[in-house]
Amino acid sequence: MPNVGDADVLSYYIEAKYKITLQLFAAARWNQQLYGTVPDEEQQLKWGNDTLRVDGVLGYRFNNYLQLKFQYSFTHDDAGQTGEHLFGGQFTIRF
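Calculation notes
- Every chain's residues receive numbers from 1 upward, in the order its sequence appears when written.
- At least 70 in pLDDT is required for a residue's local features to be given in this predicted model, at least 80 for side-chain atom pairs to be given and counted, and no such filter applies to totals for whole chains, interfaces and linings, which use all residues.
- Based on all heavy atoms of the structure, the side-chain values leave hydrogens and waters out of the count.
- Strands here are runs of E lasting at least two residues and helices are runs of H or I lasting at least four, both read from the DSSP assignment and numbered beginning at the N terminus.
- For the radius of gyration, the atoms used are the C-alpha atoms, and the globule rule reads 2.2 Å times the number of residues raised to 0.38.
- Accessible area is worked out with a 1.4 Å probe on protein chains only. A residue is then buried under 20% of its type maximum, exposed over 50%, and partly exposed in between.
- Under the convention used here, a 1.4 Å probe and the Shrake-Rupley method define accessible areas, while residue burial counts only the protein chains that appear.
- His is not counted, nor are the chain ends; Lys and Arg add positive charge and Asp and Glu add negative charge.
- Note on charges: their place is set at NZ of Lys, CZ of Arg, CG of Asp or CD of Glu.
- By this definition, two strands are paired if DSSP reports at least two bridges between them.
- Axis definition: a line fitted to C-alpha atoms, limited for helices to the stretch in contact. Angles are taken between N-to-C directions and run from 0 to 180 degrees.

**Describing the overall build of the protein chain**
1) Next: A tally of helices and strands in the protein chain yields 0 helices and 7 strands.
2) Next: Ordered by position from the N terminus, the helices and strands of the protein chain form the series β-β-β-β-β-β-β.
3) Next: Against the compact-globule benchmark of 12 Å for 95 residues, the protein chain has a radius of gyration of 19 Å, which places it well outside the compact range.
4) Next: The C-alpha extent of the protein chain, read off along each of the three principal axes, is 60 × 30 × 20 Å.
5) Next: Counting over 95 residues, the protein chain shows a buried share of 13%.
6) Next: By element, 56% of the accessible surface of the protein chain is carried by carbon and sulfur atoms, the whole surface being about 7,700 Å².
7) Next: Taking the average place of the 8 positive charges on the side chains of the protein chain and the average place of its 11 negative ones, the gap between the two points comes to 26 Å.

Pasting the structure below:
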């Protein structure tokens, strides 16, 4: 397989967290990956699918050692017509 040259990608995210009360908090994240092009015979083709992901979190800290979080994520890329939805929960114990 011959070399294709530079295969560029730009990835970034922006994240914010807000303390609603002493124990309740919310967070959000915007994440994107933008892919460049590579030469293919006489044309330029994208070597990956641009991807967007948005996350939202609601969490509750019971004390310094126990925390409960619920998260929703939405992911969309150039390859699909509809996005993917993900719901999750997490209970953490710090020791």
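**What about the sheet that holds strand β6 (residues 66-77)?**
1) Next: Reading across the sheet, the 5 strands line up as β1-β2-β5-β6-β7 and stay open at both edges, with antiparallel pairing between neighbours. The strands lining the two open edges of the sheet, one partner per strand, are β1 (9-19) and β7 (84-93). Here the average twist between neighbouring strands, direction ignored, is 15°.
2) Next: Where β1 and strand β2 (residues 24-35) come together, 11 bridges link them in antiparallel fashion. Looking at the pairing, E15 lines up with R29 of β2.

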